[in-house]
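Next come the chains, spelled out residue by residue.
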Amino acid sequence: MCGIVGITGNKNAVDILLNGLQRLEYRGYDSAGIYVNSQDGKEYLVKEKGRIDDLREEIGADVHGTSGIGHTRWATHGVPSKENAHPHVSADGRFFLVHNGVIGNFAELKTTYLQDVKFASDTDTEVIVQLIAKFAKEENLATKEAFKKVISLVDESSSYSFLLMDNQEPETLYVAKNKSPLLIGVGNGFNVVCSDAIAMLDQTHDFIELVDGEIVIVKPQSVTIEDPQGNVIDRKPFHVDTDASEVEKGAYPYYMLKEIDEQPTVMRSLIKHYIADDGSVTIDDTLLDSIKKADRLYIVAAGTSYHAGLVGKELFEGLTKTPTEVHVASEFGYNPPLLSKKPFFVFLTQSGETADSRQVLAQVNKWGYESLTITNVENSTLSREATFTLLLYAGPEIAVASTKAYTGQIALEAILAKKIGEEKGISAATSFDVAHELTTVANGMQELVDEKSQYEQIAANVLATTRNAFYIGRAIDYDVAQEAALKLKEVSYVQTEGFASGELKHGTIALIEEGTPVIAIITGAKTAKHTRSNTQEVLARGANVINIVSRNLAEDGDQVILPDVHSLLTPLLAIIPCQLLAYYTSLQRGYDVDKPRNLAKSVTVE
């Protein structure tokens, strides 16, 4: 949610900021803006509702600078508008601020300190920049001290990444964070700030991670990190190997289609990183020992990652015989279940910055339990704060609707479950040749993504004009149905629900009417006949039924046939047609597939 960029010490500040914001479009936003300072007394603040291209049109040829800050806003306080867009400026025109997150006590701060200030926006962010100006002027505080004082007044429920400029010190950027991601990028004679390394990979590959509560002073030739007590922290940069070209679409019209097509490669990448030539799984022994000691696994996640966790439950229970629960992070945080005596926690998160999951991880750490984060982003917050990390090695995922991270999470859960079960002597695990099975999956995925015209036609015939739709399935197919429904509703805005097919007659069948699309997922031999019976029930009421069926269970008339794979890995194939149906439905309805309305890629506020 939202994106932050900043730079000091480079004469091309405007282009660097705009290009950085463009790379952060995937995070979701409704307005954008930049502030730049030329160091010779000239400064420029440009904001606009809409896309980065709309902002570019507002920036005249005279706008230039060697330092500046930029922001893409996803509305929380105040409607999407030019006035509510960042950067926000203090009433005296001295301070400029961009902010990701939510200030929990902004209304109280505004009432207590700023009743005499005329506000230009409805945002919580403007309260912060007005307070900085107030304390700097009335208490004659230096910028850093005024900044620290304001941060001390922000309550513990708040989340923030702040990037501040003072036009009296135009080369200096002031930075602070709490529960919201922010990085410092180290350049040659210049430095940058960004909420995601992707934004600045064309400028540097060396980044410094920040810890909650720190204050950072960034100048062209230096980066000074201070802890809350004012002690200077020496922290070395980490290197990001991702090439800037990896975040480009190339010949693809949308990132989502590119990322769907990359899923066979993700399977092979996971095999390469976690499985040796002799077929043995290579995962840290300390992690394995910790999980083997657990009497119950707790998978915590949100959205698509939660759905990957549902499949993970099947894998862990089937291959390790360890009882496994799956929890929605936002619910667990405020209503945790009764825990077993020896719990182990697994956090699934594409970005590694999901605020709801991080809140749960903070509780888990306080309780003293060990945890694992499975993520696509190295050095992300949940990666740093968990006991262990396993990476997806899926490459950057830019489209808001997650595709390859979902299948990557499931595949890595399978690899982990195989190894644990094998060490526990579980026969189901020892006979599970995970390298061979995932190779079969990769080949099956390739077969499916090569048949795009089929899904484009189904979308046109069945989904392009419908108001609502349903996915149904049983057991592991029900897990996939929930993710498939989320994909369709995310990008096409078709009201879609995923149901356990046996539950249709307990209420949901009342919603079936002439022409209602019902997509059935059938990959389990035990439940195939039951699900087919449910499709007959909805057909009798006028539904337009599409069957997605494993080849060994296929019958005449089934529209989508899946290559056969191991029964625990069928979700990795069953989801591919569903992803493509969502993509083509969105396209046929004329929507922006990569940036659906109201959504953000990385949800960094609770």
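What you are looking at is a predicted structure, and each value in this text was computed from that prediction instead of being measured.

**Brief notes about the side chain of T172**
If you trace the backbone, T172 turns up in the loop between β7 (159-166) and β8 (173-178). Ignoring sequence-local partners within four residues, the contact set of T172 consists of L164, M165, I217, V218 and K219.

**As for the sheet that holds β7**
The strand order across the open sheet formed by seven strands is β5-β6-β7-β8-β12-β13-β14, and the pairing between neighbours is antiparallel. Every interior strand has two partners, whereas the edge strands, β5 (88-89) and β14 (232-233), have only one. Across four bridges, the pairing between β8 and strand β12 (residues 215-219) is antiparallel. If you follow L173 over to β12, its bridge partner there is V218. Strands in contact with helix α4 (residues 124-138) are β5, β6 (95-102) and β7; relative to β6, the strand with the most contacts, it is inclined by about 140 degrees.

**Some words on the environment of S121**
With respect to the secondary-structure elements, S121 resides in the loop between α3 (106-113) and α4. Through-space distance from the C-alpha of S121 to that of T466 is 39 Å; in sequence the pair is 345 residues apart. If we skip the residues at most four places from it in the chain, S121 touches E83, N84, H88 and E126. One polar contact links S121 to T123, side chain to side chain, over a distance of 2.9 Å. Separated by 2.7 Å, the side chains of S121 and E126 make a polar contact.

**Regarding the nonpolar core**
If you look at soluble globular proteins, the nonpolar side chains tend to sit buried side by side. Counting residues in hydrophobic clusters, the biggest one holds 130 residues, and the most contacted among them are I415 and Y471. For this core, the element with the highest residue contribution is helix α19 (residues 570-588), accounting for 11 residues. In this view, I415 contacts L270, Y274, I275, V281, I283, V434 and L438; residues no more than four positions away in its chain are not counted. Counting residues in each nonpolar core, the second largest holds 27 residues, with V127, I132, A133 and A146 among its members.

**Description of the pattern of salt bridges**
Under the defined criterion, the tally for this structure stands at 29 salt bridges. The residue E209 makes a salt bridge to R384 at a minimum N-O spacing of 3.9 Å. A residue pair is termed long-range when its members are at least 10 positions apart, and E209 in strand β11 (residues 206-209) and R384 in helix α12 (residues 381-385) qualify at 175 residues. Judged by relative accessible area, which is 28%, R384 ranks as partly exposed. The salt bridge partner of D592 is K595, with a shortest N-O separation of 3.6 Å. By relative accessible area, K595 is classed as buried at 18%.

Thresholds applied
Residues numbered from 1 in each chain as written. Predicted model: local features only at pLDDT ≥ 70, side-chain atom pairs only at ≥ 80, totals over all residues. Heavy atoms only, no water. Helix = DSSP H or I, 4+ residues; strand = E, 2+ residues; numbered from the N terminus. Contact = heavy atoms within 4.5 Å. Pairing = 2+ DSSP bridges. Axes fitted to C-alpha atoms, helices over the stretch in contact; angles between N-to-C directions. Polar contact = N/O pair within 3.5 Å; in protein donor to acceptor, adjacent residues only side chain to side chain. Core = buried A, V, L, I, M, F, W, Y, C linked by side-chain atoms within 4.5 Å. Buried < 20%, exposed > 50% of the residue type's maximum accessible area, 1.4 Å probe, protein only. Salt bridge = Lys/Arg side-chain N within 4 Å of Asp/Glu carboxyl O.

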